[in-house]
Every structure is written in structure tokens, then in C-alpha cells.
Amino acid sequence: MEIPVIDLSRYLEIADQLGTDPVILSGQVEEFGSWLGELCKEVSQILRETGALVVKDPRCTAEDNDKFIDMMEKYFERPREFKLLQERSHLHYQVGVTPEGVEVPRSLVDEEMQKKLKAMPKEFQPCTPSGPDPKWRYMWRVGPRPSNTRFKELNSEPVIPEGFPEWKDTMDSWGCKMISTIEAVAEMAAIGFGLSKCAFTSLMKQGPHLLAPTGSDLSCHRQEGTVFAGYHYDLNFLTIHGRSRFPGLNIWLRNGQKIEVKVPSGCLLIQTGKQIEWLTAGECMAGMHEVVVTDRTIDAIKLASQQNRSLWRVSSTLFAHIASDAVLKPLGHFVESPLASKYPPMCSGEFVEQELAVINLKGNKGES
């Protein structure tokens, strides 16, 4: 199964003309023609059924993604001792670098999840990690932060490595562009779900959004079946990735089917996180996924070696969050869902801290 590509161009042309009031918005959707309502419903339906969405945003080009990955390859290729200078374990690794062997996949510590995995058909079961993920990650804050917040650690200042004068501009530029894509998709999903256009985006303002690229050394970890990111979901609202130069991402559809994701050049992959599950009372479930070395990864390694290119697998991942002090609860008509009681009102920052505690990342990582 191929995840369909949604071109955002047509929506972006009229987005600023759309009102936020649901009644006015309903009339505008009819005024612009059936394509708008159908497109927004398609976005919400794909997110509901697959937990993933591939989009093309004219504001985010393949060249932007390449520029970012080039810089991150250069960083991850630096010696371990250099990279450890950017480590901030006392801030829960919420900024700076997270060394390999720190992030623990939830499937390794969550007994309830382990039971579900054993009940899966063999062909859909994830690869079994032998321990913590053998990948590095760099956390970079994107966007403004609140001046007053109960969650200071979740809103810390970024860390800039020495010798990378282009670092801040490159990180901020690519991060802000991907946030803009997330906001457009969040608006479209909200309209498709019958909510106000800004139902989700209003809660994202001044959220602790994280540009969090990973680096996996394929010169060392290249055996088929090696797990770089064990089976897990993301705890944030929506996650977005640019296209990686090495394949290996598997996702699970809502029906339990496992598929390998193929992102076309110039496109972006969006995945649902736990916070959108909360806001929709389970209508959108947090998407499960893993990153492993596959036969396609090995083919890409051989080609990169022949072309003398970097063997670091970089993912240009960004975690978009609901603001730390905002309240997570089912929105609009989702409050009437029979599953709404499973999603009681909770401050977003508290939710994040609870999730971190479950996977022992107080002092480890921000997203599972």
C-alpha cells in the first residue's frame, strides 16, 4: 500500500481567507467549491485510518531538505568527544545532543505493549530491539516560547555546536518551514473533522516544538534487522519528516498492517502523535512506527559507498507540540465520544512528563 500524496498548494492559496467560526467556515467551504471540503475530509480520513500522511508543500523544497541533511551529516561525523560537549542530560535531553544508547523504545519497557505485539500476526510484528536505540539525536527548539510557564525544562534555550556558523539559520529555517506545513495540515484536519479551522493550531501557539534530527552510523550498524528506533509512538501532537537518504521506516496502519514508508522526493511525511489522539478522543490514534535496516537500506548503503557519500542516516524529524500550559481534552463533538472518558483533561506539560517517566526518560529523551 502506498500512502497517497496530498498537495497543499491549492489549500494554501485560500487558507488566509477562511474564517475561524465553524458556522462561517461551513458556508465558505461551500462557496469555494466541493474540492475544499473533500480535500480536508481526505486529510482527516487518511490520518484516522493510517496515522500517517505524505504531503507536498511548495514552501518546503527538496533543496531545503538536502541543505539540512548535509549539515547534520557533517555534525554526526564529528568525533564522539566533540558531540558530547552538546549533551544536556540535566535538562532531560530536551536540548542539545542525545548520545546513542540513551533512547529506550517503549516496546522494551511497556508490558502491555509487549502483550499486544505477541498477539500480532508474525508478518506484522515489529523487529525486536536488543536494548536502547543505537542512534544519536539533536534537539533544537523551534519557534517562540512562553514568558511564563510551569514547565521551564520543556522550554529551555537551544545549544549551538562550535564550528557550525550556519547552524542557527539552517535549523531555524527548516524547522519553521516544517512547522508551517504542520499548521496547514492541522487546519485541514480540523475542518475535515468538523471542528473550527484553528481548533488545533490555537493550542500549538508557543508550544515546545522540537526539530530533532537523528543520526545513525550505517558504517557500524549495517546488518539487516538492526533496530535504530524500536516500535513506538510519539507523545507529541504531529511529527513531520523530510525524506531520508536511506530507507528503513515502517509504520502500522490502524488495521494492524505493517508497511514500509516510501516518501517521494520533495515530499514530507507526517505522523499522528499521542496528543492528537487525546484531542480527538481516539478518533486519530497515535501512529506506531520503527526504523530498521532493511534490504533497501543495504542497497542504499552500497550506492552511497560507491559514490563516496556519508553513511550516516539522518532523519530531519520535527515534533510539533501542544503548548505546555494548554489543556489536553477531547475537542468539540469528540467530547460526546463513548471513548472520551479515556482522555480526561490534563495539562499538556504534565502529560509529557508522565510519558517520559513511563519510559524512564527523566534524564533521557523527550519523545518516545
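Scroll up for the structure.
The structure displayed is predicted, hence computed values, not measured ones.

Draft legend 1. Looking closely at the environment of G163. Note that G163 resides in the loop between β4 (136-141) and α8 (167-192). When the C-alpha atoms of G163 and Y75 are compared, they prove to be 9.5 Å apart, with 88 residues separating the residues in sequence.

Draft legend 2. Geometry of the side chain of T50. Tracing the chain through its elements places T50 in helix α3 (residues 34-50). A distance of 2.7 Å separates the side chain of T50 from the backbone oxygen of I46, its partner in a polar contact.

Draft legend 3. Local environment of the pattern of salt bridges. A full pass over the atoms with the stated rule returns 14 salt bridges. A salt bridge links D66 to R245, with the nearest nitrogen and oxygen atoms 3.5 Å apart. Residue D66 is located in helix α4 (residues 62-76), and its partner R245 is located in the loop between β8 (238-242) and β9 (249-252); the two are separated by 179 residues in the primary sequence. Looking at D66, the relative accessible area reads 34%, which means it is partly exposed. The partner of R245 in a salt bridge is D70, and the shortest N-O contact between them spans 2.8 Å. Taken together, the residues R245 in the loop between β8 and β9 and D70 in helix α4 connect sequence positions 175 residues apart. By relative accessible area, R245 is classed as partly exposed at 26%.

Draft legend 4. A look at the packing of aromatic side chains. Scanning the entire structure with this criterion turns up 14 aromatic pairs. With 5.7 Å between their ring centres and 15° between their planes, F76 and W312 make a pair best called stacked. Of the two residues, F76 sits in helix α4 while W312 sits in strand β13 (residues 312-315), which places them 236 residues apart along the sequence. According to the relative accessible area criterion, F76 is buried, its value standing at 0%. Judged by relative accessible area, which is 11%, W312 ranks as buried. Their ring planes at 90° and their centres at 4.7 Å tell us that Y231 and W252 sit as a pair that is edge-to-face. Here W252 lies in strand β9 and Y231 lies in strand β7 (residues 227-232), a separation of 21 residues in the sequence.

Criteria and cut-off values
- Residues numbered from 1 in each chain as written.
- Predicted model: local features only at pLDDT ≥ 70, side-chain atom pairs only at ≥ 80, totals over all residues.
- Heavy atoms only, no water.
- Helix = DSSP H or I, 4+ residues; strand = E, 2+ residues; numbered from the N terminus.
- Polar contact = N/O pair within 3.5 Å; in protein donor to acceptor, adjacent residues only side chain to side chain.
- Salt bridge = Lys/Arg side-chain N within 4 Å of Asp/Glu carboxyl O.
- Buried < 20%, exposed > 50% of the residue type's maximum accessible area, 1.4 Å probe, protein only.
- Phe/Tyr/Trp six-rings, centres within 6.5 Å; stacked < 30°, edge-to-face > 60°.

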